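Chain by chain, the residues run as shown.
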Amino acid sequence: MHLPDFLIDRYKEWKENIFPKKQELLKLLVRNGQKPKAMIISCCDSRVNTSNIFSAIEGDFFEHRNIANLVPPFESNNENGTLSAIEYAIKVLKVRNLLICGHSSCGGIKHAYDYFSNKKTDRNLYIDKWIDVIKPAFNQIQNTKDVTEGQKSLEQLSIINSITNLNNSKLIKDAILNKNLNVFGLWFNISTGSLFVYNQENNNFEKINY
Ligand SMILES: [Zn+2]
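Treat the numbers as computed from the prediction; the structure is a model and nothing was measured.

(A) How the structure looks around the nonpolar core. Counting residues in hydrophobic clusters, the biggest one holds 43 residues, and the most contacted among them are Met39, Ile86, Leu98, Ile134 and Leu154. Residue contributions to this core peak at 6 residues, all from helix 7 (residues 147-167). Ranked by size, the runner-up nonpolar core spans 8 residues in total, among them Ile40, Leu99, Leu186 and Leu195.

Shown next as structure tokens:
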């Protein structure tokens, strides 16, 4: 079994043209260890590349991806990958910024929206259990007949719900109290490239203007 040609070709391109320019940085990062400036939790969606959006280089971000960029409640024991990544980022790497980045046209959120709207209860897919995390957000959606609006609303409410789950954990609470951590919610519009930041004071996602 061989790797597909497109992967070999892209690796060759990277190794020959990009790696030489990065080698010193990478050696330094190996010697000194990583000290990422932020942890970013984003969706698995191939159209969302937070490293690109923030022009990141190696060592900048500690990244975690899952379906629909969710943070489960810390007391839940059905999913440890996301929580252990957060724990490592806070306790060991001592990141100062934790970002949850959601996005438009999110397939995971769409699945949750359809699932809960149709009052489904079957658990045929792994995702049917995973989206339990989104249920509290779905319950907050204002009545709307416009499915697109409803899904967008769920994309954003789910980010707020994940922030609530973070804030309810002792680990995060202590880090924020000790002024060692800032938590941000972001929503990215894929089509326009616009990025929105959650403002806890007015409960809105505000477009970043610069
Ligand atoms: Zn998504």
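Next comes the rest of the write-up.
(B) Up close: a nonpolar patch on the surface. Taken together, the side chains of Leu3, Phe6, Leu7 and Ile8 present a nonpolar region at the surface, about 370 Å² in accessible area. Position of leucine 7 relative to the elements: it lies in helix 1 (residues 5-32).

(C) Representation of the sheet that holds strand 5 (residues 195-199) in the model. Read from one edge to the other, the open sheet built from 6 strands follows the order 2-1-3-4-5-6, with strand pairing classed as mixed. The open sheet terminates on both sides in strands that have one partner only, identified here as strand 2 (61-66) and strand 6 (204-207). Adjacent strand axes in the sheet meet at a mean angle of 30 degrees when their direction is disregarded. The pairing of strand 5 with strand 6 spans 4 bridges and is classified as antiparallel.

(D) Seen up close, the coordination of the zinc ion. Looking at the zinc ion, one finds its protein donor set to be Cys43 (SG), His103 (NE2) and Cys106 (SG), positioned 2.0 to 2.3 Å from the metal centre. Donor residues binding the zinc ion come from one chain and are separated in sequence as C-x59-H-x2-C. Placement of cysteine 43 in strand 1 (residues 38-43) and of cysteine 106 in the loop between strand 3 (97-103) and helix 4 (107-117) is noted, with a sequence separation of 63 residues between them. Residue cysteine 106 is classed as buried on the basis of its relative accessible area, which comes to 3%.

(E) Representation of the packing of aromatic side chains in the model. Applying the stated criterion across every chain yields a total of 9 aromatic pairs. With a centroid separation of 6.0 Å and an interplanar angle of 85 degrees, the aromatic rings of phenylalanine 54 and phenylalanine 61 are classed as edge-to-face. Ring centres of phenylalanine 62 and tyrosine 88 lie 5.8 Å apart, and the angle between their planes is 35 degrees; on these two criteria the pair is classed as tilted. Taken together, the residues span a long stretch of sequence, with phenylalanine 62 in strand 2 and tyrosine 88 in helix 3 (residues 81-91) at a distance of 26 residues. Residue classification places phenylalanine 62 among the buried residues on the basis of a relative accessible area of 16%.

(F) Structural view of the side chain of serine 158. Mapped onto the elements of the fold, serine 158 is located in helix 7. Of the residues examined, serine 158 reaches a relative accessible area of 1% and is grouped as buried.

(G) Broad picture of the packing of helix 4 against helix 7. As a packed pair, helix 4 and helix 7 sit with axes 9 Å apart at the nearest point and diverge in direction by 115 degrees. Taken together, helix 4 and helix 7 sit at an angle that is classed as roughly perpendicular. Where helix 4 crosses over helix 7, the two elements pack in a sense that is right-handed. In this structure, helix 4 uses Ile109, Lys110, Ala112, Tyr113 and Asp114 to contact helix 7, whose residues at the interface are Val147, Gly150, Gln151, Leu154, Glu155 and Ser158. Its residues placed into classes, the contact of helix 4 with helix 7 shows 5 nonpolar, 3 polar and 3 charged.

Cut-offs used in this document
Residues numbered from 1 in each chain as written. Predicted model: local features only at pLDDT ≥ 70, side-chain atom pairs only at ≥ 80, totals over all residues. Heavy atoms only, no water. Core = buried A, V, L, I, M, F, W, Y, C linked by side-chain atoms within 4.5 Å. Buried < 20%, exposed > 50% of the residue type's maximum accessible area, 1.4 Å probe, protein only. Helix = DSSP H or I, 4+ residues; strand = E, 2+ residues; numbered from the N terminus. Patch = residues over 30% accessible without salt bridge, like charges linked within 9 Å, V, L, I, M, F, W, Y side chains within 5 Å. Areas by Shrake-Rupley, 256 points an atom, 1.4 Å probe, with all protein chains shown as cover. Salt bridge = Lys/Arg side-chain N within 4 Å of Asp/Glu carboxyl O. Pairing = 2+ DSSP bridges. Axes fitted to C-alpha atoms, helices over the stretch in contact; angles between N-to-C directions. Donors = N, O, S within 2.8 Å, 3.2 Å for Na, K, Ca; no water. Phe/Tyr/Trp six-rings, centres within 6.5 Å; stacked < 30°, edge-to-face > 60°. Parallel < 35°, antiparallel > 145°, perpendicular 65-115°, else oblique. Left-handed = near helix turned anticlockwise from the far one by under 90°. Contact = heavy atoms within 4.5 Å. Nonpolar A, V, L, I, M, F, W, Y, C, P; charged D, E, K, R; others polar.

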